[in-house]
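Structural description and commentary
Given next are the chains, with one letter for each unit.
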Amino acid sequence: MTIPGTRAQPSTDVVMRAIGIAKSYGATQALKGVDFEIRRGTVTVLFGENGAGKSTLMKILSGVESPTSGLLELDGEEVVLRNTVDASARGIAIIHQELSLCANLSVRDNIFMGRELVRGGIVVNERQETAETLTLLERLEESLNPKTLVADLRLGQQQVVEIARALAGEARVLIMDEPTSALSGSEVEVLFRVIHELTAAGVAIVYISHHLEEALEIADHAVVFRDGALVATGERADIDLDWVISNMVGRSADDLSPDLLTEFGDVVLSLRDITVADPTNPARLSVDGFSLDVRAGELVCLYGLMGAGRTELLEALAGRVPVQSGTVTLKGRLITRESIAQRIDLGLALVPEDRQRDGLVQTMSVGENVSLAGLLSFVKGLWISTPGERTAVQQEISDVRVKTAGPAAAITSLSGGNQQKVVIGKVLLTAPEVLLLDEPTRGIDVGAKAEIFALMAREAERGLGVLFATSEVGEALNAANRVIVMSKGRIVREFDPRTATREELMIASGESTDEETGAGA
Amino acid sequence: MTVTQPRPAPAGDQQPPRAPRRFSIRGNDVDLGSILLEGRAFIALIVLIIIFSALSDSFLSVNNMITMTKHVAYNAILAIGMLFVILKGGIDLSIGSTVGLSGVVAGVLLQGLQLNSLDVVLYPQVWVVVLCSLTVGTLVGFINGTLVTRFGVAPFIATLGMLYVARGAALLISNGSTYPKLGGDPELGNTGFNLIGGGRILGVPTAIWIMVVFALIAVFVLRKTPFGRWVYATGGNERAAELAGVPVRKVKLRVYMISGFCAATTGLIISSELTSAAPQLGETFELNAIAACVIGGAALTGGRGNVRGVLVGAFVIGFLSDGLVIVGVSTFWQITIKGAVIILAVMLDQAQQRIKRSKNAALAAANKSSGPPASPAA
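Residues numbered from 1 in each chain as written. Chains lettered and ligands numbered in written order. Predicted model: local features only at pLDDT ≥ 70, side-chain atom pairs only at ≥ 80, totals over all residues. Heavy atoms only, no water.

1. What about the overall build of chain A?
Short version of the rule: Secondary structure counts use DSSP, requiring at least four H or I residues in a row for a helix and at least two E residues in a row for a strand, with both numbered from the N terminus. Relative accessibility thresholds used throughout: buried, under 20% of the residue-type maximum; exposed, over 50%; partly exposed, between the two (1.4 Å probe, protein chains only). For this analysis, residues touch if any pair of their heavy atoms sits within 4.5 Å. Reported accessibility uses the Shrake-Rupley method at a 1.4 Å probe radius. Residues are deemed covered only where the shown protein chains occlude them.
Secondary structure summary: chain A contains 17 helices and 24 strands in total. The buried share of chain A, taken over its 521 residues, is 55%. The long-range fraction of contacts in chain A, counting pairs at least 24 apart against all pairs at least 6 apart in sequence, stands at 67%. Accessible area for chain A stands at about 21800 Å²; split by element, carbon and sulfur atoms hold 48% of it.

2. Quick word on the packing of aromatic side chains
How two aromatic rings sit relative to each other is set out by the distance from centre to centre and by the angle between their planes. Residue and element names in this part refer to chain B. Inclusion rule: Note on aromatic contacts: the rings of Phe and Tyr and the six-membered ring of Trp form a pair at centre separations within 6.5 Å, being stacked when their planes are under 30 degrees apart, edge-to-face when over 60 apart, and tilted otherwise.
Scanning all chains against the criterion turns up 7 aromatic pairs over all chains. With a centroid separation of 5.5 Å and 80° between ring planes, the pair formed by F315 and F319 is classed as edge-to-face. With F315 and F319 both in helix α13 (residues 307-327) and 4 residues apart, the pair spans about one turn of that helix. The pair formed by F315 and F319 is uniform in burial state, with each residue classed as buried.

3. Re the nonpolar core
Counted only if it meets this: What makes a nonpolar core is a set of buried Ala, Val, Leu, Ile, Met, Phe, Trp, Tyr and Cys residues whose side-chain atoms join them at distances within 4.5 Å.
In this structure, F47, L174, Y207 and L505 of chain A are the most contacted members of the largest nonpolar core, which totals 199 residues. In terms of nonpolar packing, the next biggest core, distinct from the first, is built from 33 residues, V268, I340, L348 and V434 of chain A among them.

4. Some thoughts on the packing of helix α4 (residues 95-110) of chain B against helix α6 (residues 155-174) of chain B
All names here are of chain B. Note the threshold: Axis lines are fitted to C-alpha atoms, over the contacting stretch for helices. Their N-to-C directions set the angle, which ranges from 0 to 180 degrees. Oblique is the label for any angle not covered by the other classes, which are roughly parallel (under 35 degrees), roughly antiparallel (over 145) and roughly perpendicular (65 to 115). Crossings are classed by handedness, with left-handed meaning an anticlockwise turn of the near helix from the far one by less than a right angle and right-handed meaning a clockwise turn.
Packing of α4 against α6 brings their axes to within 8 Å, and their N-to-C directions diverge by 20°. The angle between α4 and α6 falls in the class roughly parallel. Like other packed secondary-structure pairs, α4 and α6 cross with a definite hand, here left-handed. The residues of α6 that touch α4, namely those facing G96, S97, T98, G100, L101, V104, V105 and V108, are L163, A166, R167, A169, A170, I173 and S174.

5. Observations regarding α13 of chain B
Residue and element names in this part refer to chain B. The criterion, for reference: Expected span, for any helix, means 1.5 Å times one less than how many residues it has.
The terminal C-alpha atoms of α13, which comprises 21 residues, lie 30 Å apart, in line with the 30 Å expected from a rise of 1.5 Å per residue. Burial within α13 is extensive, with 16 of its 21 residues counted as buried. Immediately downstream of α13, the backbone of G328 shows phi near 95°, a positive value.

6. With respect to the pattern of salt bridges
Cut-off, in case you're wondering: Salt bridges are defined by distance alone: a side-chain nitrogen of Lys or Arg within 4 Å of a carboxyl oxygen of Asp or Glu.
Taken as a whole and judged by the stated rule, the model has 38 salt bridges over all chains. For the salt bridge of R165 of chain A with E162 of chain A, the shortest nitrogen-to-oxygen distance reads 3.6 Å. Of this pair, R165 of chain A and E162 of chain A both sit in helix α5 (residues 155-168), 3 residues apart, which is roughly one turn of that helix. By relative accessible area, which is 16% here, R165 of chain A ends up buried. Judged by relative accessible area, which is 2%, E162 of chain A ranks as buried. For E368 of chain A, the salt bridge goes to R229 of chain B, with nearest N and O atoms at 4.0 Å. Note that E368 of chain A is positioned in helix α12 (residues 366-371) and R229 of chain B in helix α9 (residues 226-236), a pairing that runs across two chains. Residue classification places E368 of chain A among the partly exposed positions, given a relative accessible area of 27%. When salt bridges that share partners are traced, they join R17, E37, R39, E73 and E235 of chain A into one network.

7. Here we look at the side chain of S97 of chain B
Residues and elements named next belong to chain B. Relative to the helices and strands, S97 is located in helix α4. For S97, a relative accessible area of 2% translates into the label buried. Every residue in contact with S97, bar those within four places of it in the chain, is listed here: L163, A166, R167 and E286.

8. Focus on the interface of chain B and chain A
Spelled out, the test is: Note on definitions: buried area is the accessible-area loss of two parts on being combined, 1.4 Å probe, summed for both. Any pair of N or O atoms that falls within 3.5 Å is considered a polar contact. Within protein, one atom must be able to donate a hydrogen and the other to accept it, and sequence-neighbouring residues count only if both atoms are side-chain atoms. Residues are grouped as follows: Ala, Val, Leu, Ile, Met, Phe, Trp, Tyr, Cys and Pro are nonpolar; Asp, Glu, Lys and Arg are charged; every other residue, Gly included, is polar.
Residue-level contacts link 35 residues of chain B with 49 residues of chain A. Counting each side, the surface lost to burial between chain B and chain A is near 3500 Å², with a carbon and sulfur contribution of 58%. Between D358 of chain A and R239 of chain B there is a salt bridge; the shortest N-O distance is 2.6 Å. Applying the counting rule to chain B against chain A returns 9 residue pairs in polar contact (both at pLDDT 80 or more). Sorting the residues of the side of chain B that touches chain A by element identifies α8 (206-224), α9, α10 (238-243) and α14 (331-366) of chain B as the ones contributing at least two each. Per element, the largest residue contribution to the side of chain B that touches chain A is 6 residues, and it comes from α9 of chain B. The residue makeup of the side of chain B that touches chain A, split by class, is 18 nonpolar, 12 polar and 5 charged.

9. Description of the packing of α4 of chain B against helix α5 (residues 126-149) of chain B
Residues and elements named next belong to chain B. Following both chains from N to C, one finds α4 and α5 inclined at 150°, their axes separated by 9 Å at the closest point. Our classification of the angle between α4 and α5 gives roughly antiparallel. Crossing of α4 against α5: the hand is right-handed. Across from T98, L101, S102, V105, A106, L109 and L110 in α4, the residues of α5 making contact are V126, V129, C132, S133, V136, G137 and V140.

10. A closer look at the side chain of T275 of chain A
Relative to the helices and strands, T275 of chain A resides in strand β13 (residues 267-278). With residues up to four places along the chain from it excluded, the contact list for T275 of chain A reads L285, V287, D288, G289, V323, Q324 and S325 of chain A.

11. Let's talk about a nonpolar patch on the surface
Residue and element names in this part refer to chain B. Note the threshold: Only residues whose relative accessible area exceeds 30% and that form no salt bridge are eligible for patches; like-charged ones are grouped when within 9 Å, while nonpolar side chains (Val, Leu, Ile, Met, Phe, Trp, Tyr) are grouped when within 5 Å.
Taken together, the side chains of I43, V47, I51, L55, I326 and V327 make up a nonpolar region of the molecular surface, amounting to roughly 450 Å² of accessible area. Elements with a minimum of two residues in the nonpolar patch: α2 (40-55) and α13. With 4 residues, the top contributor of residues to the nonpolar patch is α2. By secondary structure assignment, the location of V327 is in helix α13. Of the residues examined, V327 reaches a relative accessible area of 31% and is grouped as partly exposed.

12. Concerning empty space enclosed by the protein
Stated precisely, the cut-off is as follows: Definitions used for this entry: grid spacing 1 Å over protein atoms alone; cavity, a set of points where a 1.4 Å probe fits but cannot get out; pocket, an open set with protein on both sides within 12 Å along at least 5 of 7 lines; lining residue, one with an atom within 4 Å of a point. Grid points are joined across faces, edges and corners, and a volume is the space filled by probe spheres set on the points.
Counting across every chain of the model gives 3 cavities of 30 Å³ or more. The computed volume of the largest cavity comes to approximately 60 Å³. I344, A349, L350, P352, D358, A373, K426, V427 and T430 of chain A together with L243 and A244 of chain B together form the lining of the largest cavity. When residues of the lining of the largest cavity are traced back to their parent elements, those giving at least two are β18 (348-351) and α14 (416-428) of chain A.

13. Structural notes on the sheet that holds strand β11 (residues 221-226) of chain A
Residues and elements named next belong to chain A. Test applied: Strands were regarded as paired on the criterion that DSSP finds at least two bridges between them.
Strand order in the open sheet formed by 6 strands is β6-β9-β10-β3-β11-β12, and the pairing between neighbours is mixed. Each edge of the open sheet carries a strand with a single partner, namely β6 (92-95) and β12 (229-235). Averaged over all pairs of adjacent strands, the angle between strand axes in this sheet comes to 20°, irrespective of strand direction. The sheet strands contacting α5 are β6 and β9 (173-177), and the helix crosses β6 at an angle near 180°.

14. Overview of the confidence of the model for chain B
All names here are of chain B. Applicable threshold: What pLDDT reports is the predictor's confidence in each residue, on a scale of 0 through 100.
Looking at chain B, pLDDT values average 84 and 87% of them are 70 or higher. Across residues 1-22 the pLDDT falls below 50, and counting only partners more than four positions away or on other chains, this stretch makes 20 contacts in the model. Within the model, pLDDT remains below 50 along residues 369-378, and this stretch shows 16 contacts once partners closer than five positions in the same chain are excluded.

15. Focus: the sheet that holds strand β17 (residues 333-335) of chain A
Residue and element names in this part refer to chain A. Judged by pairing direction, the sheet is antiparallel, and its 4 strands sit side by side in the order β14-β13-β16-β17 without closing on themselves. The outermost strands of the open sheet, each flanked by one partner alone, are β14 (281-295) and β17. Each adjacent strand pair in this sheet contributes to an overall mean axis angle of 25°, direction not counted. Examined bridge by bridge, β13 and β14 share 9 bridges and lie antiparallel to one another. Counterpart to I274 in the pairing with β14 is F290. In the packing of helix α9 (residues 310-318) onto the sheet, contacts are made with β13, β14 and β16 (325-330), and the angle to β13 comes to roughly 115°.

Next up, the structure:
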């Protein structure tokens with residue numbers, strides 16, 4: 001393909017094309033045959049809810065994952081991207097949603113990681129690397145010492161380093177997955193200016209963000225994903241926020257809604273002015289003055305974007321991280337410095353967000369995982385009563401409907417949905433008063449999602465208070481009695497899911513109660 | 001479930017294409033390959049016995065078997081303690097020094113404790129001596145555990161430090177010399193120490209009995225008590241265990257104390273059998289204990305391993321060393337062969353884990369719960 005000398009009609013030349021890309025993980029189809037074009041010198045913005053398939057497509061385009069079927073074209077020729085090194089050699093760079101920096105290395109070493117400038121084939125040319133790092137940082141208007149360790153930077157600065165690294169690679173296609181999630185307002189402006197410079201130089205940019213308005217601001221071209229399929233495309237001139245949201249929402253493909261109670265019991269969990277410090281940056285508050293009452297039988301949903309403080313709040317309630325100030329009252333009893341085990345005893349238990357990292361012991365069997373938290377209740381004298389444990393585990397497994405060969409099966413032999421049911425079963429076996437669930441349906445298929453919500457509704461009916469966090473609007477509206485929208489650690493607004501619309505929730509989640517000041521803290 | 005793609009292969013580049021020979025045990029289909037792999041340490045032990053008894057007439061004799069098993073017992077008791085630490089995901093390098101220290105403590109007490117201010121020499125009874133030695137060993141473990149839990153020192157470093165400190169303490173107490181003649185004196189009422197390692201019950205050396213008792217207790221603790229389950233959980237996934245209410249710190253502290261206790265026991269047994277306590281006793285013993293655990297299938301990453309495997313591992317190492325001596329292989333070759341066996345064991349373990357992982361991944365893909373929620377699991 002010949003490259004035109006001028007940028008007279010930049011919107012017409014396609015750098016990269018995906019044809020019929022499909023990707024399945026086991027039986028879950030994350031992408032269902034997507035056709036997609038990336039054009040030279042333009043910003044293509046991808047919209048879609050969590051799980052709509054955006055990130056999967058980006059992973060395929062950048063060589064992180066390979067598609068189950070379909071093919072990729074670069075400059076009109078078919079390519080197979082074996083891995084990220086292969087992709088970046090072809091000029092495709094990605095800024096990941098999760099930061100992928102080595103905290104133990106300096107800013108400079110991170111930027112040149114994997115493509116070190118070498119003198120004489122042996123020695124790393126540190127002077128030149130430092131100089132180029134300074135130039136890159138200057139372009140991003142970030143005054144950092146190239147020799148500072150990344151561990152000593154705050155999150156926003158780390159993100160700038162991540163961006164600098166992508167720029168250093170001289171990319172032709174630059175994919176940005178949520179690049180602004182940790183940036184302050186002024187940093188976002190700088191980023192947008194850099195994006196304009198890059199597009200003017202002919203770089204193609206693919207941009208993903210949950211901040212719809214912000215993303216619209218820089219879009220030349222918009223693409224909307226829903227349920228693993230590309231559902232709409234539009235040029236900037238023809239689209240607005242309403243167009244984006246209505247396409248994102250579509251028809252309710254998954255009607256999850258279980259039957260919910262409408263009458264509730266007494267308040268079981270009462271939170272007053274809770275503040276929690278950010279574990280990675282203690283100067284910042286993850287949760288800032290949060291108050292809430294949960295009644296017996298009630299399903300309360302915490303809806304918000306990534307980084308809204310939902311996880312931190314739930315982890316603080318479970319005793320994983322300390323509550324800075326404020327009071328937690330469980331069934332009239334003040335909870336202050338109790339350990340995780342004591343809180344479980346009192347009836348406050350968490351189903352964590354990251355099943356693999358925090359929920360399961362991978363080396364243990366299904367049965368041992370189920371009984372782990374409630375183990376002490378099977379102890380007779382010195383030892384665990386085997387029949388007692390077996391009966392309880394069997395009952396719990398069938399109660400939460402885990403599909404497994406039996407309690408002795410390896411936990412890794414279960415699908416994601418069934419593993420999640422094991423985690424929930426483990427927590428239920430401790431006879432909780434309040435059930436806390438963080439993203440209970442993350443990474444599981446639709447059928448299992450409905451089952452998990454049915455489970456939560458059933459437990460609420462049995463008199464538990466349920467507080468769960470989600471970043472999917474559909475879940476917030478269908479599976480809860482009350483939706484609390486959180487942003488920047490605070491309650492933005494409260495909705496009744498029977499009357500609220502998806503649009504209202506989405507817009508509210510992007511708002512903040514006040515502008516963040518002193519971003520350089 | 002129908003899969004249109006030829007093979008989604010969720011977790012592996014190479015699925016084993018072979019058709020394994022299958023037969024059935026207790027209704028479960030098992031293939032010969034994985035049985036051989038599963039019981040490899042045991043098979044290795046049998047192979048060793050066959051080879052050595054072919055090469056030497058005396059190898060299979062009752063006396064030789066008892067002697068070799070007694071040697072195995074020293075290492076097995078250490079390895080049982082080490083297993084607790086390894087299951088938790090740690091390592092204890094200090095046990096060899098603890099062996100020496102506990103022997104020296106016993107030695108100094110049996111020789112008589114000089115109290116200068118009162119101008120008397122104290123001769124404690126043997127059970128007091130034993131108790132003191134075991135307490136010192138457990139204390140070394142307590143220090144290890146405290147360093148790991150309270151001060152966040154990596155287990156390797158903490159126990160490496162204690163390896164030197166405990167050895168130094170043994171040398172300081174004994175001033176570098178060996179305590180001879182620990183038999184005691186009937187007039188002083190402190191006889192009987194030599195029975196711990198030298199005595200026999202029903203014709204079998206006490207060391208072997210102690211190994212059996214320790215093994216049984218360890219099996220019980222690991223399989224039947226909440227503490228045992230917590231050890232496995234902490235080693236398997238510490239974060240998940242903590243969130244499930246497992247007292248992770250307490251578990252960590254205890255496993256090091258158990259390891260120290262076992263090491264002190266071994267120190268007592270050996271110095272009793274030798275009826276002398278040398279401060280150098282137990283050097284590199286920790287490496288044999290780790291080797292026994294690894295050959296027995298314990299994962300150094302934690303969460304996987306059992307007492308049965310560790311015992312078989314200890315027997316493999318013990319019979320291999322003694323057998324090579326009996327057959328007359330040079331010391332240099334003995335060391336080399338032992339190293340090769342350890343590496344081979346770990347390689348086979350990796351192969352087994354890989355097969356297990358791909359099997360489980362295939363099962364997981366087949367176990368999708370996409371069915372209607374109306375069908376409860378039977």
